[in-house]
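Structural features, examined
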Amino acid sequence: MRHSTDPETTITAASTDELSIIVDALYRNLDTPAPVFGAQDWYDLATEELARRTAPLSPDAYGAA
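Residues numbered from 1 in each chain as written. Predicted model: local features only at pLDDT ≥ 70, side-chain atom pairs only at ≥ 80, totals over all residues. Heavy atoms only, no water.

Looking at helix H3 (residues 39–54)
Definition in use: Numbering of helices and strands starts at the N terminus; helices are DSSP runs of H or I of at least 4 residues and strands are runs of E of at least 2. What a helix should span is 1.5 Å times the count of its residues minus one. We call a residue buried when its accessible area falls under 20% of the maximum for its residue type, exposed when it is over 50%, and partly exposed in between, using a 1.4 Å probe and counting protein chains only. Think of the arc as the fan of directions from the helix axis to the C-beta atoms. A contact between two residues is defined here by any heavy atoms of the two lying within 4.5 Å.
Here H3 spans 22 Å end to end across 16 residues, near enough to the 22 Å set by a 1.5 Å rise per residue. Of all the positions in H3, only Ala 39, Trp 42, Ala 46, Glu 49, Leu 50 and Arg 53 are classed as buried. Considered in projection along H3, the buried side chains sweep an arc of 105° and stay on one side of the axis. Summarising the geometry of H3, the exposed residues directed more than 90 degrees from the buried face are Asp 41 and Glu 48. Buried positions along H3 lie against helix H1 (7–13) and helix H2 (16–30).

Written as structure tokens, this is what we have:
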């Protein structure tokens with residue numbers, strides 16, 4: 001995450017398992033007294049992407065016909 005300047009590119013390139021790990025790490029960071037600058041934006045994008053991927057019968061889900 002620290003090496004990428006584009007959170008959207010990083011998040012969409014991550015596997016669903018990796019994305020779950022990223023979301024967990026971001027949540028833990030946001031739960032500290034001094035979260036990293038930009039962590040909220042990363043968290044919002046990551047949780048939206050994870051929800052999109054895991055929504056049942058979502059027309060935007062990968063592999064949908």
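So much for the structure itself; the text now carries on.
Notes on H2
Across its 15 residues, H2 extends 21 Å between first and last C-alpha, which sits within 8% of the 21 Å expected from 1.5 Å per residue. Regarding H2, the residues found buried are Leu 19, Val 23 and Leu 26. All buried residues of H2 lie within an arc of 70° about the axis, which places them on one face of the element. Looking at H2, the residues exposed on the side facing more than 90 degrees away from the buried face are Asp 17, Ile 21 and Arg 28.

Details of the confidence of the model for the protein
Which entries qualify depends on this criterion: On a range of 0 to 100, pLDDT expresses the predictor's confidence in each residue.
Mean pLDDT over the protein: 85, with 78% of residues reaching 70 or higher. The element-level mean pLDDT for the protein is lowest in H1, coming to 87, with H2 highest at 95.

Observations concerning the packing of H2 against H3
Stated precisely, the cut-off is as follows: All axes here are fitted lines through C-alpha atoms, helices being fitted over the stretch that makes contact, and every angle between N-to-C directions spans 0 to 180 degrees. By convention, the crossing between two helices is left-handed when the near helix turns anticlockwise from the far helix through less than a right angle, and right-handed when the turn is clockwise. The residue classification treats Ala, Val, Leu, Ile, Met, Phe, Trp, Tyr, Cys and Pro as nonpolar and Asp, Glu, Lys and Arg as charged. All others, Gly included, are polar.
Between H2 and H3, whose axes approach to 9 Å, the crossing angle comes to 145°. Every pair of crossing elements has a handedness; the one defined by H2 and H3 is left-handed. Across from Thr 16, Leu 19, Ser 20, Ile 22, Val 23, Leu 26, Tyr 27, Asn 29 and Leu 30 in H2, the residues of H3 making contact are Ala 39, Gln 40, Trp 42, Tyr 43, Ala 46, Thr 47, Glu 49, Leu 50, Arg 53 and Thr 54. Residue composition of the contact of H2 with H3, grouped by class: 11 nonpolar, six polar and two charged.

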